[in-house]
Amino acid sequence: ARIIPELKRVKGVGRVELFGAETSMRIWPDPEKLEALGLTPTDIVNAVAAQSERIIIGDIGGASVPESAPINAGVVSEDAFRTPEEFASIALRTLSDGSSVKLGDVARVELGANSYAFFSRCNGQTATGMAIKMAPGSNAVETMGLLKAKMDELSRDFPPGVSYQIPYETTHFVEISIRKVISTLLEAVLLVFLVMFLFLQNFRATLIPTLVVPVALLGTFAVMWLSGFSINMLTMFGMVLSIGILVDDAIVVVENVERVMDQERLSPHDATEKSMTQITGALVGIAMVLSAVFVPMAFFGGSTGVIYRQFSVTIVAAMGLSVLVALTLTPALCATILKPIKHDKAEKGFFGWFNRTFNKGAEGATSAVGY
């Protein structure tokens, strides 16, 4: 009765459901004794209701007090009976000799659960379960932290031997997803750096995708915020998938600019202009094809649509921003950061061996397909 109202007031909590029966006084009448004394179960019910009735003796914050009163609550008298012994002393009938028939004379009285329809246990021990449901638009990770702090505060007043545990916590998976996105991003940037430096052997060329990818990701987060989406399992899943696409678009632009500079001996500015006339259609086409796959998911009906709409919007926004950045920021970086190629590829060391091996492989593949 004290914990649930406190949890409901925590920021981000929408509803608290109780999975456990409240305590109740259980009365088990003896049919033979009732029949011998001429009593019925109705007599027991009426006697208990009449002698344990709660009486309202006043109120706080009502019409008779100033409007500045902080609360509005009724004041009731203390329960007349609390223990099984006190309930057992309830008088059912007064006999002619002045003696009385007590409830304990015809029934067994004990403290038990209000309902035995279900049981709540934790690690084999009797427990009372509560399910916390989030309010729309709330931050799950933040709310979970506030709930843990509130439970730590409330647990200081628990009776001896009573404690609390959190057996199932969904925010743990959200935190794992966030760490996975970060690790995937770092792995993708590292692989892009190594692969581009291996093939192009140009530090400036490897720097451009490293600068472009975070810009597209920040734009994707902005779209999620404007759409009212939070960081959850589905949006993070879409983010992980889109990181590969973000990297691909940047690589295509940089590598084609390098190819044009190498083959046609153009300046970075002129090579960028010519390169974009060659690959702009391909970049837009890739985005359109992939969008045709994921956009329909945003129009699913029912609960399925609500769930997958976040995934669809996240990955489509990432793809769209990736193409936009590949058509604007990446060419600008190529034209300003790259330097003219000196046409003196390394002939010694590891890079010399790699260049010779790669050229032989490329010539063999070209002759194999009859080009």
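Residues numbered from 1 in each chain as written. Predicted model: local features only at pLDDT ≥ 70, side-chain atom pairs only at ≥ 80, totals over all residues. Heavy atoms only, no water.

### Quick notes on the overall build of the chain
Link 1 in the chain: From N to C terminus, the chain includes 13 helices and 10 strands.
Link 2 in the chain: Of all 371 residues assigned to the chain, the portion counted as buried reaches 30%.
Link 3 in the chain: Long-range contacts, defined here as pairs at least 24 residues apart, represent 69% of the contacts in the chain between residues at least 6 apart.
Link 4 in the chain: In the structure as shown, the chain presents an accessible area of about 23,100 Å², 62% of it carried by carbon and sulfur atoms. (Helix = DSSP H or I, 4+ residues; strand = E, 2+ residues; numbered from the N terminus. Buried < 20%, exposed > 50% of the residue type's maximum accessible area, 1.4 Å probe, protein only. Contact = heavy atoms within 4.5 Å. Areas by Shrake-Rupley, 256 points an atom, 1.4 Å probe, with all protein chains shown as cover.)

### Focus on the pattern of salt bridges
Link 1 in the chain: Counted by the stated rule, this structure contains 9 salt bridges.
Link 2 in the chain: Residues lysine 133 and glutamate 17 are paired through a salt bridge, measuring 3.2 Å at the closest nitrogen-oxygen approach. Residue lysine 133 is located in strand S10 (residues 129-134), and its partner glutamate 17 is located in strand S1 (residues 13-19); the two are separated by 116 residues in the primary sequence.
Link 3 in the chain: The residue glutamate 264 makes a salt bridge to lysine 274 at a minimum N-O spacing of 2.4 Å. Highlighted residues: glutamate 264 in helix H9 (residues 233-264) and lysine 274 in helix H10 (residues 268-294), separated in sequence by 10 residues.
Link 4 in the chain: Using a relative accessible area of 32% as the deciding quantity, one classes lysine 274 as partly exposed. (Salt bridge = Lys/Arg side-chain N within 4 Å of Asp/Glu carboxyl O.)

### Some details on the packing of aromatic side chains
Link 1 in the chain: The full count for this structure, using the stated rule, is 6 aromatic pairs.
Link 2 in the chain: An angle of 5 degrees between the planes, with centres 6.1 Å apart, marks the rings of phenylalanine 193 and phenylalanine 197 as stacked. Note that phenylalanine 193 and phenylalanine 197 are positioned in helix H7 (residues 171-200) at a spacing of 4 residues, about one turn of the helix.
Link 3 in the chain: Note on phenylalanine 193: relative accessible area 28%, which makes it partly exposed.
Link 4 in the chain: Note on phenylalanine 197: relative accessible area 29%, which makes it partly exposed.
Link 5 in the chain: Ring plane angle 80 degrees and centroid distance 6.1 Å describe the contact between phenylalanine 193 and phenylalanine 203, whose orientation is recorded as edge-to-face. Taken as a pair, phenylalanine 193 in helix H7 and phenylalanine 203 in helix H8 (residues 203-226) lie far apart in primary sequence, 10 residues in all. (Phe/Tyr/Trp six-rings, centres within 6.5 Å; stacked < 30°, edge-to-face > 60°.)

### Focus: the nonpolar core
Link 1 in the chain: Ile208, Val247, Val253, Val254, Val257, Cys334 and Leu338 are the most contacted members of the largest nonpolar core, which totals 34 residues.
Link 2 in the chain: Elements supplying a minimum of two residues to this core: H7, H8, H9, H10, helix H11 (302-327) and helix H12 (329-337).
Link 3 in the chain: If one sorts the elements of this core by residue count, H9 sits on top with 12 residues.
Link 4 in the chain: Look past the residues within four positions of valine 254 in its chain and what remains in contact with it is Met196, Leu200, Ala205, Ile208, Pro209, Thr330 and Cys334.
Link 5 in the chain: In terms of nonpolar packing, the next biggest core, distinct from the first, is built from 16 residues, Ala47, Val106, Ala107 and Val109 among them. (Core = buried A, V, L, I, M, F, W, Y, C linked by side-chain atoms within 4.5 Å.)

### Brief notes about the side chain of threonine 206
Link 1 in the chain: Relative to the helices and strands, threonine 206 is located in helix H8.
Link 2 in the chain: Here phenylalanine 203 takes part through its backbone oxygen, which lies 2.6 Å from a polar atom of the side chain of threonine 206.
Link 3 in the chain: In this view, threonine 206 contacts Phe193, Met196 and Phe197; residues no more than four positions away in its chain are not counted. (Polar contact = N/O pair within 3.5 Å; in protein donor to acceptor, adjacent residues only side chain to side chain.)

### Observations concerning unusual backbone geometry
Link 1 in the chain: Phi angles above zero are rare outside glycine, and arginine 265 is one such case at about 55 degrees.
Link 2 in the chain: One can find arginine 265 in the loop between H9 and H10.

### Observations concerning a nonpolar patch on the surface
Link 1 in the chain: The grouping of Tyr168, Phe173, Ile176 and Met233 at the surface amounts to a nonpolar patch, some 420 Å² of accessible area in total.
Link 2 in the chain: Within the secondary structure, isoleucine 176 is located in helix H7.
Link 3 in the chain: In this structure isoleucine 176 comes out as partly exposed when scored by relative accessible area, which is 36%. (Patch = residues over 30% accessible without salt bridge, like charges linked within 9 Å, V, L, I, M, F, W, Y side chains within 5 Å.)

### A closer look at the packing of H10 against H11
Link 1 in the chain: The geometry of H10 relative to H11 is characterised by a closest axis approach of 10 Å and an angle of 175 degrees between their N-to-C directions. With respect to their mutual orientation, H10 and H11 come out roughly antiparallel. Residue-level contacts link Met276, Thr280, Leu283, Val284, Ala287, Leu290, Ser291 and Phe294 of H10 to Phe311, Ser312, Ile315, Val316, Met319, Val323, Ala326 and Leu327 of H11. (Axes fitted to C-alpha atoms, helices over the stretch in contact; angles between N-to-C directions. Parallel < 35°, antiparallel > 145°, perpendicular 65-115°, else oblique.)

So yeah, pure geometry; function would need other evidence.
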